[in-house]
Amino acid sequence: MAPARFQFSAAAAFLAALPALLAGLAAGFPLQPLGSQAPAETRLRPPTARLDEEFNRIVGLRELGDGRVLVADAGDKRLVVVDFARNQAAQIGREGNGPGEYAQVALLASLGPDSTLMPDAFNRRWLVLIGDRIARTIPPGDPAVTASRGVVRSTDERGHGVSVTPPPIRSGGQAMGKSDSIAVLLVTLSSGATDTVARLRTAPLTVWTELDNAGKVTRAGLTYPPFSVGEESLLFPDGWLAVARLDPYRVDWRTPEGRWISGAPLPFMQQPVDTRERQAYLARRTALVGRPATAPPDEAWPATIPPFQPFPLVAVPDGGLLILRTPTAGHPGHRYDRIDRRGQLIGWVELPAAERLMAIGARGAYVVSTDEDGIQRLRRHPWP
């Protein structure tokens, strides 16, 4: 277990604070150096709007200026616009590869007021929406699509997107681990010009591919060990880039001018992956996929639980960042660390295990709840 870092002015100060420190350790909450302002929990107030519409697997959400919300449901392969005021949802486009169609839906990235980009990766192109209308298709041959290989993870409103370089592809299986990394590319959407701005440690995984005689992938698959996670990045509308690091757990920031702000290690106590944690992990997998999860061999399990999960980052309108922490047997809910642009922990948000915070917009925080049948519903809470 990594030691917590404290500064003490005297032994008496330590003894006076010891009960609170022990309580924090028992609860698994982050600890701060004495003398600094303690992080505070951000409690979501009761929802101001709910939607009766049922979803299967929400992977993207984007608030429009008039209060309506675009929702990408990958489970049902549909893109919809929802109106909380009328409790209505209307589909946009349809599945396919023609104009106004998409092979799969994905994240919804802001390009500016009511302008949204959605990658259509299976068709190797991008769709641009104006409001609730698919206004333009950016084809596979576009320089920016080519430079990003059709995959953009986030965008700003200054004409940039963030992509990452995939690992080198060869036929057969290839394992990746802690020593491997991928480059973060800042792509100029108008020209396709790229700038490598960071490198991320990859998640441990095994990639299986089959190539034809021309070297093109004909079949591919991924296998992840338990608790597999890599480092993550998120581009903000104003051009700031956040990078969540794993070892040590911290957040680094890149300004639009290219200056880096290195965050200090964040409070994090390593927990061993013991029998109890293995059982809790398999129970979460069973609830997620709807069937009993198969226990992997002993050598597949990591020694300790990582600080956060895959795709953990949520932008906060004030410029801050939320990071979804990894659930544990003792803390099964969803906790989001709230980080400011100095890389410091300023608080956290708690949600039950069946709920996830998808996005925060000008009108509030959007929470997705999943019931025992795997049906998802959406509601909006005031923020903060």
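Everything in this summary refers to the structure shown in the same document.

Reading guide: rules and limits
- Residues numbered from 1 in each chain as written.
- Predicted model: local features only at pLDDT ≥ 70, side-chain atom pairs only at ≥ 80, totals over all residues.
- Heavy atoms only, no water.
- Helix = DSSP H or I, 4+ residues; strand = E, 2+ residues; numbered from the N terminus.
- Buried < 20%, exposed > 50% of the residue type's maximum accessible area, 1.4 Å probe, protein only.
- Pairing = 2+ DSSP bridges.
- Axes fitted to C-alpha atoms, helices over the stretch in contact; angles between N-to-C directions.
- Salt bridge = Lys/Arg side-chain N within 4 Å of Asp/Glu carboxyl O.
- Polar contact = N/O pair within 3.5 Å; in protein donor to acceptor, adjacent residues only side chain to side chain.
- Contact = heavy atoms within 4.5 Å.
- Core = buried A, V, L, I, M, F, W, Y, C linked by side-chain atoms within 4.5 Å.
- Phe/Tyr/Trp six-rings, centres within 6.5 Å; stacked < 30°, edge-to-face > 60°.
- Lys NZ or Arg CZ within 6 Å of the ring centre and 35° of its normal.

Considering the overall build of the protein
Piece 1. Across its full length, the protein holds three helices and 30 strands.
Piece 2. Across the 384 residues in the protein, those meeting the buried criterion constitute 46%.

What to know about the sheet that holds strand E19 (residues 217-223)
Piece 1. In space, the three strands of this open sheet follow the order E15-E18-E19, with antiparallel pairing throughout. Whereas interior strands pair on both sides, the edge strands pair on one side only; in this sheet they are strand E15 (172-176) and E19. Pairwise comparison of adjacent strand axes, ignoring direction, gives a mean angle of 20° for this sheet.
Piece 2. The sheet contact formed by strand E18 (residues 205-211) and E19 spans six bridges and is antiparallel.

Here we look at unusual backbone geometry
Piece 1. With omega at 5°, the peptide bond leading from Asp247 into Pro248 counts as cis.
Piece 2. In this fold, Pro248 is placed in the loop between strand E21 (241-246) and strand E22 (249-254).
Piece 3. Positive phi, normally seen in glycine, also occurs at Arg124, with a value near 55°.
Piece 4. Tracing the sequence through the fold places Arg124 in the loop between strand E10 (115-120) and strand E11 (125-130).

Description of the sheet that holds strand E26 (residues 334-339)
Piece 1. Strand order in this open sheet of five strands is E1-E27-E26-E25-E24, and the pairing throughout is mixed. If you trace the sheet from one side to the other, it starts and ends with strand E1 (40-41) and strand E24 (308-315), each paired once.
Piece 2. Relative to E26, strand E25 (residues 321-325) is paired through four bridges, and the arrangement is antiparallel. By the bridge assignment for E26, Ile323 is matched with Asp337.

Here we look at the pattern of salt bridges
Piece 1. In total, this model carries 24 salt bridges according to the counting rule given.
Piece 2. Linking Arg153 and Glu232 is a salt bridge whose minimum nitrogen-to-oxygen distance equals 4.0 Å. Of the two residues, Arg153 is situated in the loop between helix H2 (143-148) and strand E13 (154-155) and Glu232 in strand E20 (residues 232-235); the sequence distance between them amounts to 79 residues.
Piece 3. By sharing partners, the salt bridges in this structure join Glu231, Arg245, Arg250 and Asp252 into a single network.

Topic: the environment of Glu210
Piece 1. With respect to the helices and strands, Glu210 occurs in strand E18.
Piece 2. When its relative accessible area of 37% is taken as the criterion, Glu210 is described as partly exposed.

Details of the side chain of Thr326
Piece 1. Following the sequence through the fold, Thr326 ends up in the loop between E25 and E26.
Piece 2. Engagement of the side chain of Thr326 in a polar contact is seen with the backbone oxygen of Pro306, the distance being 2.9 Å.
Piece 3. A distance of 3.0 Å separates the side chain of Thr326 from the backbone oxygen of Phe308, its partner in a polar contact.
Piece 4. Excluding anything up to four places from it in sequence, Thr326 contacts Phe227, Ile305, Pro306, Pro307, Phe308 and Gln309.

Looking at the nonpolar core
Piece 1. Among the nonpolar cores identified, the biggest contains 18 residues, and Phe236, Val251, Trp253, Phe308, Leu321, Ile323 and Ile339 are the most heavily contacted of them.
Piece 2. Mapped by element, the contributors of at least two residues to this core are E21, E22, E24 and E25.

A word on the pairing of E10
Regular strands place side chains that alternate from one sheet face to the opposite one.
Piece 1. In terms of residue burial, E10 counts as a mostly covered element, since six of its six residues are buried.
Piece 2. Alternating residues of E10 divide into Ser115, Leu117 and Pro119 and Thr116, Met118 and Asp120, and every residue in both groups is buried.
Piece 3. In this sheet, E10 lies alongside strand E9 (residues 109-112) in antiparallel orientation, the contact comprising three bridges. By the bridge assignment, Ser110 is partnered in E10 with Thr116.
Piece 4. Joining the antiparallel neighbours E9 and E10 is a turn of two residues, in which Asp114 adopts a positive phi near 60°.
Piece 5. Direction of pairing for E10 relative to E11: antiparallel, over a ladder of six bridges. Bridge pairing links Thr116 to Leu129 in E11.

Digging into the environment of Ala38
Piece 1. Turning to its location among the elements, Ala38 is positioned in the loop between helix H1 (11-27) and E1.
Piece 2. Of the residues examined, Ala38 reaches a relative accessible area of 54% and is grouped as exposed.
Piece 3. Spatially, the C-alpha atom of Ala38 lies 7.4 Å from that of Ile346, the residues being 308 residues apart in sequence.

Considerations on the packing of aromatic side chains
Piece 1. Enumeration over the complete set of coordinates arrives at eight aromatic pairs.
Piece 2. The interplanar angle of 40° and the centroid separation of 4.6 Å between the aromatic rings of Phe227 and Tyr281 together place this pair among those described as tilted. Taken together, the positions of Phe227 in the loop between E19 and E20 and Tyr281 in helix H3 (residues 275-289) put the pair 54 residues apart, joining distant regions of the chain. Tyr281 shares its class with Phe227; the two are buried.
Piece 3. One aromatic cluster in this structure is built from Phe227, Tyr281 and Trp301.
Piece 4. When the ring centre of Phe236 is taken as origin, the NZ or CZ atom of Arg341, which lies over that ring, is 5.1 Å away.

The values are spatial; any link to function lies outside them.
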